[in-house]
Amino acid sequence: MADLEKKKLLAALDANWQAEMEGHYTYSALARGEVEPQRRNALRGLAAAEKHHADLWAGRIEALGGDAPRYTGSQSGLADSLATRVGGPDLAMRRLEIDEGRDIAKYGRQLKSLGDEPSIAILKEVIADEREHYQTLSNLIRSRRPLPTVPAEQAQEALDSLLNARKEGHPEAAGWVGDAIYGVNDGLGSIFGIVSGVSGATLGNSHFVLIAGLAGMVASALSMGSGAYLAAKSEREIYEAEFAREREAVEDNEAEAREVLSLSYQIRGLPEEDAERFVHHLSKNKEHLISALARERLNTSEEALSKPLVSALSGAFSTALGAFIPIIPFFFMAGIRAVIVAAVVSLIAHFVVGASKSLVTIRSWWSSGLEMTVVGAIEGIVTYVIGMGLGRIGGG
């Protein structure tokens, strides 16, 4: 082993020894101040384990020819820090729980970086012990107020029952319904505008209106379908990327991830102790913990994400359907008569589509339908007048 590599290795091992000794003194001081026998014995056991780890590192340092390590911290470890004096022993143990998680992550990284087999063997033993320490601290922190548990199956049945009861008389629209209504609305509005404009410019020449209307219908449908597909796909990719980041965060430092989730629930109004206990039980299943973290970051869940292909098809077909309505009269008639019939048909369709929005909103059907009809009428009048003006300019 080169001198530089050996020096780096000894520095890392000395840092490990310092950390374990600080943990030993911290747990020992907390044990002396603990009045409950069970918690006091548990803290003494943690102190002894930390001392054992320190001895392992000291032995390896000696075997490598390094100087005997000297402890530079307080004889009470972190137990006499200002934060502990203010927050009390429970806060101290919560901080130690986070520190244990960070130590696990740190030692995990050293498995790849130390490059010394005897040290790696010690690391594996220490990591296994630190994981037990982490669980022990979690139990100690939450043992003062045990949380009654309900079997997952029973809880799911109760939730399903309540949700079904709430849905009675209030049918829930499928996720694609909103996309479809929006597509019909977009196609109807855009092509009605094109038909009105071209009709004003050509005085209702059905040939030009059909060409412009059909071309606009195809373009709108393709645009809406591709846009809906890319939007749903991007949303899903963002969620998957965030889920992967949260998984990595949990793997590297589960304690910190749990603290983040607990604080998120506290910000939303959950009392601190309830948030801590909830996260503790949630973290028994790592996938549930990761999902909860991702849900908090993005304010959504995988189940709520749109399916790209479904969004694309519903968006494209609904847009084409809405776009086709204003041009139907021009297949059978021409001139002002065709313009008037197209306007009436389009306004009726606007009202029907607007009323259909009540499926996914809380507004009354007549209010929503009337609003969309007024918007469609304004759009048609404006584009018709503009078309007439453009037609005269072109004719002049």
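Small disclaimer: the values here were computed from a predicted structure and weren't measured.

### Description of the overall build of the protein chain
Here's step 1: In terms of regular secondary structure, the protein chain is built from 13 helices and 0 strands.
Here's step 2: Each helix and strand of the protein chain, ordered N terminal to C terminal, gives the series α-α-α-α-α-α-α-α-α-α-α-α-α.
Here's step 3: Residues counted as buried form 40% of the 396 residues belonging to the protein chain.
Here's step 4: With the model as given, the accessible surface of the protein chain reaches about 22100 Å², and the carbon-plus-sulfur share is 61%.

### Here we look at the pattern of salt bridges
Here's step 1: With the rule as written, the count across this model stands at 5 salt bridges.
Here's step 2: Residue Glu237 is joined to Lys233 by a salt bridge in which the shortest nitrogen-to-oxygen separation is 2.4 Å. Placement of the pair is Glu237 and Lys233 together in helix 7 (residues 206-252), with a separation of 4 residues, close to one helical turn.
Here's step 3: A relative accessible area of 31% means that Lys233 is categorised as partly exposed.

### Some details on the packing of aromatic side chains
Here's step 1: According to the stated counting rule, one finds 3 aromatic pairs in the structure shown.
Here's step 2: Between Trp57 and Tyr107, the ring centres sit 6.2 Å apart and the planes meet at 35 degrees, which makes this aromatic pair tilted. Separated by 50 residues along the polypeptide, Trp57 in helix 2 (residues 37-63) and Tyr107 in helix 3 (residues 82-113) bring together distant segments of the chain. Summarising the burial analysis for this pair, Trp57 and Tyr107 share the class buried.
Here's step 3: Between Phe324 and Phe331 the ring centres are 5.9 Å apart and the planes differ by 45 degrees, which places this aromatic pair in the tilted class.
Here's step 4: Its relative accessible area of 32% is what places Phe324 among the partly exposed residues.

### Here's the deal with the side chain of Thr373
Here's step 1: Secondary-structure assignment places Thr373 in helix 13 (residues 365-395).
Here's step 2: Each residue touching Thr373, except ones within four places of it in the same chain, is listed here: Leu347, His350 and Phe351.

### A look at the packing of helix 7 against helix 11 (residues 308-324)
Here's step 1: Relative orientation of the contacting elements helix 7 and helix 11 amounts to 160 degrees, with a least axis distance of 7 Å. Between helix 7 and helix 11, the crossing angle belongs to the class labelled roughly antiparallel. Helix 11 is crossed by helix 7, and the crossing has right-handed handedness. On the side of helix 7, the interface is formed by Leu214, Met217, Ser220, Ala221, Met224, Gly225, Ala228, Tyr229, Ala232, Lys233 and Arg236, while helix 11 contributes Pro308, Leu309, Ser311, Ala312, Gly315, Ala316, Thr319, Ala320, Ala323 and Phe324.
Here's step 2: Tallied by class, residues from the contact of helix 7 with helix 11 come to 14 nonpolar, 5 polar and 2 charged.

### Some details on the environment of Ala58
Here's step 1: On the secondary structure map, Ala58 appears in helix 2.
Here's step 2: For the pair Ala58 and Asn16, spaced 42 residues apart in sequence, the C-alpha to C-alpha distance is 9.4 Å.

### Let's talk about the nonpolar core
Here's step 1: Ranked by internal contacts, the top residues of the largest apolar core, which has 20 residues, are Leu13, Trp17, Trp57 and Tyr107.
Here's step 2: Where this core is concerned, the elements lending two or more residues are helix 1 (3-33), helix 2, helix 3 and helix 4 (117-142).
Here's step 3: Sequence-distant contacts of Trp57, defined by excluding residues within four places in its chain, comprise Leu13, Asn16, Trp17, Glu20, Tyr107, Ser119, Ile122, Leu123 and Val126.

### Things to note about the packing of helix 1 against helix 2
Here's step 1: With their axes 8 Å apart at the nearest point, helix 1 and helix 2 run at an angle of 160 degrees to one another. In terms of axis orientation, helix 1 runs roughly antiparallel to helix 2. As helix 1 packs across helix 2, the resulting crossing turns out to be left-handed.

### A word on a nonpolar patch on the surface
Here's step 1: Together, Trp365, Trp366, Leu370, Val374, Ile378, Val382, Ile386, Leu390 and Ile393 make up a nonpolar patch on the protein surface, roughly 960 Å² of accessible area in all.
Here's step 2: Note on placement: Val374 falls in helix 13.
Here's step 3: Residue Val374 is classed as partly exposed on the basis of its relative accessible area of 43%.

### Some words on the confidence of the model for the protein chain
As a note on interpretation, predicted positions should not be read in detail where pLDDT is low.
Here's step 1: Summary statistics for the protein chain give a mean pLDDT of 77 and a share of 81% for residues scoring 70 or more.
Here's step 2: The model gives residues 145-156 a pLDDT under 50, and that stretch makes 7 contacts with residues more than four places away or in other chains.
Here's step 3: The model gives residues 165-174 a pLDDT under 50, and that stretch makes 3 contacts with residues more than four places away or in other chains.

### Describing the environment of Tyr107
Here's step 1: Judged by relative accessible area, which is 0%, Tyr107 ranks as buried.
Here's step 2: Residues Tyr107 and Ile127, 20 residues apart in the sequence, show an inter-C-alpha distance of 6.7 Å.
Here's step 3: When sequence neighbours within four positions are dropped, the list of residues in contact with Tyr107 reads Asn16, Glu20, Trp57, Leu123, Val126, Ile127 and Glu130.

### Here's the deal with the environment of Asp14
Here's step 1: When you line up the elements, Asp14 lands in helix 1.
Here's step 2: Between the C-alpha atoms of Asp14 and Tyr71, which are 57 residues apart in sequence, the distance is 9.6 Å.
Here's step 3: Leaving out residues up to four positions away in the same chain, Asp14 has contacts with Ile61 and Pro69.

Basis of the calculations
Along each chain, residue indices are assigned from 1 in the same order as the chain's sequence is written. Thresholds applied to this predicted model are a pLDDT of at least 70 for local features of residues and 80 or more for the giving and counting of side-chain atom pairs; totals over whole chains, interfaces and linings are not thresholded and use all residues. Here the side-chain values reflect all heavy atoms present in the structure, with hydrogen atoms and water set aside. Only DSSP runs of H or I covering at least 4 residues are called helices, and only runs of E covering at least 2 are called strands; the numbering of each starts at the N terminus. We call a residue buried when its accessible area falls under 20% of the maximum for its residue type, exposed when it is over 50%, and partly exposed in between, using a 1.4 Å probe and counting protein chains only. Note on areas: Shrake-Rupley with a 1.4 Å probe; residue coverage comes only from the protein chains shown. The working definition used for a salt bridge is a side-chain nitrogen of Lys or Arg within 4 Å of a carboxyl oxygen of Asp or Glu. Here a Phe, Tyr or Trp ring, Trp counted by its six-membered ring, pairs with any other such ring whose centre lies within 6.5 Å, and the pair is stacked when the planes are under 30 degrees apart, edge-to-face when over 60, and tilted otherwise. Only heavy atoms enter the contact rule, under which two residues are in contact if any of them lie within 4.5 Å. To obtain each axis, a line is fitted to C-alpha atoms, and for helices this fit is confined to the stretch in contact; angles are then taken between N-to-C directions over 0 to 180 degrees. The scheme is simple: roughly parallel for angles under 35 degrees, roughly antiparallel for over 145, roughly perpendicular for 65 to 115, oblique for anything else. Crossing chirality is assigned from the near helix's rotation relative to the far helix, an anticlockwise turn below a right angle marking it left-handed and a clockwise turn marking it right-handed. Polarity classes work like this: nonpolar for Ala, Val, Leu, Ile, Met, Phe, Trp, Tyr, Cys and Pro, charged for Asp, Glu, Lys and Arg, and polar for all others, with Gly in that last group. Think of a nonpolar core as a cluster: buried Ala, Val, Leu, Ile, Met, Phe, Trp, Tyr and Cys residues, connected wherever their side-chain atoms sit within 4.5 Å. Surface patches are defined over residues having more than 30% relative accessible area and no salt bridge, joining like charges when they lie within 9 Å and nonpolar side chains (Val, Leu, Ile, Met, Phe, Trp, Tyr) when within 5 Å. Per residue, pLDDT captures the predictor's confidence, and it can take any value from 0 to 100.

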